[in-house]
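Understanding the architecture of this molecule
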Amino acid sequence: MIVDTTALQSLSRTYPEGNPSDERRDTVAIRQFAADNGFSYCMRDDSLVSHGLADSEHAPAWLGESYALGKQAYHVVSGQIAGYACTLFIVWENQVNGVFYSNPTPEQQQRYAAQQSRGIVRVQLPKVFPQVFLDSNKNDRSIFGAMKMSSVWVGYQRDQQLPLEGNFAEYFDFYSPKGLHVNTLSLIAPNFMAILQDHAHAFDVEFYGNEMILVTKLSLYTPETMAILEQALVEQLTYLDRLMPSWNYTPLEPPFDRLEKGGTSLFKIGRFRISPLLFVVLFMAIVIVLIIVFWSR
């Protein structure tokens, strides 16, 4: 599989902005990229970021908060990659709280676009898999200096996290439904894990039913990101080709086993994970101690 990224050269290290239009540079480049690779192109399809409110508790990790209010899907590219149907698009999240510029410079516009958008790659799989989430520790949101939170806006119960061998745990937190750890560890190709580790800043990865999803905070439609994506997909999809004939998974909770949410994402400090509630308690305890020390002088 060789993806032709010639049309994306003009978008190198830039983020497409919201509300695309036919004549805009990013639209022209991404549409041509799709045509060059025999893919289809759609400027916007918000159905890709919808999830039934009746099943809001089980929305996938990549979608974040399950109600998906204020999200749009832009620059949708669809086609076959390594024999699998894939859909690539940009999620624009209007509800994200962050820096807003009233009269932005070009640099500030790019900063805002990076803050509000994520790149999504959804790969259709021929069989059903339990929900598995590899949360990168190298693309987290900074909160207070060394304290960070996941770039994906959802949290899962800590007892679903698998301890991993070697130093892979420094790069990713691996979440799997309880009782399925042996099954889910077999889903990831060793070479795919090595690529993820080499480019841990690039992607979070999720299996969700009959899909594998890659999520990036990098600008998706650039030659640089596409090169990493192509390398990773070739390894993982080739591995899944070999895995599929022997994959006989019976869900413990049909239609497939999903992760149990644990509220807000955990605060991360190196290898330590602290719940927001515990952080508040510790913070208040420190404040009280400081007040006591101050008034006792």
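Residues numbered from 1 in each chain as written. Predicted model: local features only at pLDDT ≥ 70, side-chain atom pairs only at ≥ 80, totals over all residues. Heavy atoms only, no water.

What about the packing of aromatic side chains?
This is how the line gets drawn: Ring pairs shown here join Phe, Tyr and Trp side chains whose ring centres sit within 6.5 Å, with only the six-membered ring taken for Trp; geometry is labelled stacked below 30 degrees between planes, edge-to-face above 60, and tilted in between. Where helices and strands are cited, they refer to DSSP runs of H or I of at least four residues and of E of at least two residues respectively, numbered from the N terminus. Accessibility here uses a 1.4 Å probe with only protein chains present; expressed as a share of the type maximum, an area under 20% marks a residue as buried, one over 50% as exposed, and anything in between as partly exposed.
In the structure shown here, the tally under the stated rule is 12 aromatic pairs. Geometrically, the ring pair formed by phenylalanine 129 and phenylalanine 207 is tilted, given 5.7 Å between the ring centres and 50° between the ring planes. Of the two residues, phenylalanine 129 is situated in strand 4 (residues 117-136) and phenylalanine 207 in strand 9 (residues 204-216); the sequence distance between them amounts to 78 residues. The exposure classification of phenylalanine 129 matches that of phenylalanine 207, with both residues buried. With a centroid separation of 6.1 Å and 50° between ring planes, the pair formed by tyrosine 156 and tyrosine 175 is classed as tilted. Of this pair, tyrosine 156 sits in the loop between strand 6 (147-149) and strand 7 (161-162) while tyrosine 175 sits in strand 8 (residues 172-175), and the two are 19 residues apart along the sequence. Members of the aromatic cluster, joined through ring pairs, are Phe129, Phe207, Trp247 and Tyr249.

Re the pairing of strand 4
Heads up, the condition is: Here, a strand pair is defined by DSSP locating no fewer than two bridges between the strands.
Most of strand 4 sits inside the fold, with 16 of its 20 residues counted as buried. Relative to strand 4, strand 3 (residues 84-93) runs antiparallel, the two being bridged by seven bridges. Counterpart to phenylalanine 89 in the pairing with strand 4 is isoleucine 120. By the bridge criterion, four bridges tie strand 4 to strand 8 in an arrangement that is antiparallel. The partner of serine 136 across the bridge, within strand 8, is phenylalanine 172.

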